[in-house]
Amino acid sequence: MKLGVVGLPNVGKSTLFNAITKAGAEAANYPFCTIEPNTGIVAVPDDRLDKLAEMYSPKKKTPAVIEFVDIAGLVKGASHGEGLGNKFLSHIRECEAIVHVVRCFEDEDIIRHADSTDPKHDIETINLELIAADRETVAKRAEKAAKLLKSGEKRAQEEAALGAKLLAHLDNLEPVRTCEMNEREQEIAKEWFLLTTKPVIYACNIKEEDLGKPESELPGIADVREIADAEQAKVLVISAKIEEDIAQMDEEEKQMFLEELGIGKSGLDRLISECYDLLGLISFLTAGQDECRAWTIRKGTKAPQAAGKIHTDFERGFIRAEIVSFSDLVREGSMNACREKGLIRSEGKDYVMQDGDVTLFRFNV
């Protein structure tokens with residue numbers, strides 16, 4: 001899973017990215033310090049996997065992972081190439097979701113870009129650029145389909161109709177993700193790789209001293225939530241600077257620090273969980289002495305396709321999935337104990353995988 005971290009210059013994107021990946025991307029106080037996208041792989045926190053590792057003492061513990069891409073600051077005119085805009089937009093196009101960092105504080109020591117006045121304005125600036133880029137893509141598709149209408153091709157008729165519908169929506173300065181589309185229209189739109197179809201999390205970057213305060217006391221948060229609610233997007237309040245500090249701590253220090261702050265999870269753990277939820281992802285688990293591992297799948301995935309995540313042979317020769325719930329396995333202490341009590345289920349090809357299923361696939365090729 002690839003997530004693009006975007007925002008106007010100097011809103012805290014690279015600081016947050018450093019915290020996410022501990023990759024040390026340059027975070028300088030001027031626009032365009034990040035020209036090439038920095039990419040980092042981060043483990044998805046999962047207490048269940050940690051518990052399985054305690055039980056099995058495996059040679060290897062492998063968590064699910066998410067890939068984050070730190071994309072340089074967008075500016076007004078990006079859709080027309082301003083500030084290397086076309087290059088930045090292409091990086092967003094390759095991502096499956098967007099983490100849009102919004103600066104919700106004022107600081108005289110940090111330069112605000114000329115396009116930036118407040119959180120609501122900042123969001124609108126970037127959204128308008130993404131909408132403009134999508135309008136250009138949709139217009140080209142609609143024009144091409146219109147030329148083929150005389151052929152009577154059903155596909156051309158569908159594309160022309162969808163193009164007209166989306167152009168009207170985009171001309172109203174609305175992202176494509178808020179446009180009501182039937183299943184067929186969604187299929188076609190997906191092939192157009194539009195920017196504003198991508199799900200979004202707005203990460204409200206606040207000052208360190210503001211962490212833990214009621215949202216009503218924080219500048220701009222209400223405006224961000226209003227925009228997010230209209231777009232069916234998510235909002236996460238986070239202090240990128242504190243997250244960067246936490247990232248340098250070992251696990252024990254981290255837990256003590258979080259307790260002092262009065263928060264159960266770090267902002268990054270919450271961000272990763274929100275990203276999983278945003279993309280409709282779950283994890284199933286495999287456990288043994290060689291390896292304990294979490295595997296990422298989409299909600300609704302059936303057992304054979306989940307098996308294919310491990311190896312294509314598992315899907316091709318799928319016989320059945322032997323599944324026990326994580327809670328049953330932990331309570332009983334071993335697969336053998338679960339088997340003796342009849343807690344292991346044998347599921348076939350139509351079984352829809354559930355989050356936290358501890359699974360053994362049987363296959364034959």
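Small disclaimer: the values here were computed from a predicted structure and weren't measured. (Residues numbered from 1 in each chain as written. Predicted model: local features only at pLDDT ≥ 70, side-chain atom pairs only at ≥ 80, totals over all residues. Heavy atoms only, no water.)

Break down the packing of aromatic side chains for me, citing the residues and quoting the values.
To describe a pair of aromatic rings, you give the distance between the ring centres and the angle between the ring planes. Per the counting criterion, the structure on display carries four aromatic pairs. Note on phenylalanine 284 and phenylalanine 361: the rings are 5.8 Å apart at their centroids and 85 degrees apart in plane angle, and the pair reads as edge-to-face. Of the two residues, phenylalanine 284 sits in strand β8 (residues 281-286) while phenylalanine 361 sits in strand β12 (residues 357-363), which places them 77 residues apart along the sequence. One exposure class covers both phenylalanine 284 and phenylalanine 361, and it is buried. (Phe/Tyr/Trp six-rings, centres within 6.5 Å; stacked < 30°, edge-to-face > 60°. Helix = DSSP H or I, 4+ residues; strand = E, 2+ residues; numbered from the N terminus. Buried < 20%, exposed > 50% of the residue type's maximum accessible area, 1.4 Å probe, protein only.)

Report on the pairing of strand β9 (residues 291-298), specifying residues and quantitative values.
The pairing of strand β3 (residues 60-62) with β9 spans three bridges and is parallel. Residue threonine 62 lies in a different strand from β9, and its bridge partner there is arginine 293. Joining the antiparallel neighbours β8 and β9 is a turn of four residues. (Pairing = 2+ DSSP bridges.)

Give me the nonpolar core: which residues, what numbers.
If you look at the biggest cluster of nonpolar residues, it comprises 69 residues, and the most contacted ones within it are Ile66, Phe68 and Tyr202. Considering each element in turn, this core owes the most residues, six residues, to helix α10 (residues 267-278). (Core = buried A, V, L, I, M, F, W, Y, C linked by side-chain atoms within 4.5 Å.)

Which residues make up the pattern of salt bridges, and what values do they have?
Here the structure, examined in full by the defined rule, presents 33 salt bridges. Between aspartate 313 and arginine 316 there is a salt bridge whose closest N-O contact spans 2.7 Å. Here aspartate 313 pairs with arginine 316, and both are found in helix α12 (residues 312-316), just three residues apart, close to one helical turn. We classify aspartate 313 as partly exposed; its relative accessible area is 22%. (Salt bridge = Lys/Arg side-chain N within 4 Å of Asp/Glu carboxyl O.)

Help me get a handle on unusual backbone geometry, residues and values and all.
Residue leucine 173 is not a glycine yet carries a positive backbone phi of 60 degrees. Here leucine 173 shows up in the loop between α5 (154-171) and α6 (183-191). If you check the backbone angles, glutamine 232 has positive phi at about 55 degrees while not being a glycine.

Account for the confidence of the model for the protein chain, with residues named and values stated.
Taken residue by residue, the protein chain gives an average pLDDT of 87. The fraction at 70 or more is 88%. For residues 27-35, every residue scores under 50 in pLDDT, and the model assigns this stretch 25 contacts once sequence neighbours within four places are set aside. (pLDDT = per-residue confidence, 0-100. Contact = heavy atoms within 4.5 Å.)

How would you summarise the sheet that holds strand β2 (residues 38-43) if you had to cite specific residues and measurements?
Here six strands make up an open sheet; going across it, the order is β2-β4-β1-β5-β6-β7 and the pairing mixed. Two strands bound the open sheet, and with one partner strand each, they are β2 and β7 (234-238). The average angle at which neighbouring strand axes cross in this sheet is 25 degrees, direction not considered. Docked against the sheet, helix α4 (residues 119-147) engages β5 (97-103) and β6 (200-205), running at close to 145 degrees with respect to β5. (Axes fitted to C-alpha atoms, helices over the stretch in contact; angles between N-to-C directions.)

An account of a negative patch on the surface is requested, with residue identities and associated values reported.
On the surface, a cluster of negative charge is made up of Asp118, Glu124, Asp223, Glu226 and Asp229. The biggest single contributor to the negative patch is helix α7 (residues 221-231), with three residues. Locating aspartate 118 in the fold gives a position in the loop between β5 and α4. (Patch = residues over 30% accessible without salt bridge, like charges linked within 9 Å, V, L, I, M, F, W, Y side chains within 5 Å. Areas by Shrake-Rupley, 256 points an atom, 1.4 Å probe, with all protein chains shown as cover. Lys, Arg positive; Asp, Glu negative; His and termini not counted. Charge placed at Lys NZ, Arg CZ, Asp CG, Glu CD.)

Account for the side chain of threonine 301, naming residues and giving values.
Mapped onto the elements, threonine 301 comes out in the loop between β9 and α11 (303-310). Side-chain polar atoms of threonine 301 contact the backbone oxygen of arginine 298, separated by 2.7 Å. Here threonine 301 is in contact with Ala306, Tyr351, Val352 and Met353, once residues within four sequence places are set aside. (Polar contact = N/O pair within 3.5 Å; in protein donor to acceptor, adjacent residues only side chain to side chain.)

Can you explain helix α1 (residues 13-21)? Please cite residues and give values.
Most of α1 is tucked away, with nine of its nine residues classed as buried. Directly beyond the C-terminal end of α1, a positive phi value near 55 degrees is found at lysine 22.

So what about the pairing of β8? Which residues, and what values?
Most of β8 is tucked away: six of the six residues are buried. Judged by which residues are buried, β8 turns out to be covered on both faces: Leu281, Ser283 and Leu285 on one side and Ile282, Phe284 and Thr286 on the other are all buried. Looking at chain direction, β8 and β9 are connected through six bridges and run antiparallel. Following the sheet pairing, phenylalanine 284 is matched in β9 by tryptophan 295.

Report on the environment of lysine 309, specifying residues and quantitative values.
Here lysine 309 shows up in helix α11. Exposure remark for lysine 309: the relative accessible area of 45% places this residue in the partly exposed category. Between the alpha carbons of lysine 309 and tryptophan 295 there is a distance of 7.5 Å; along the sequence they are 14 residues apart.

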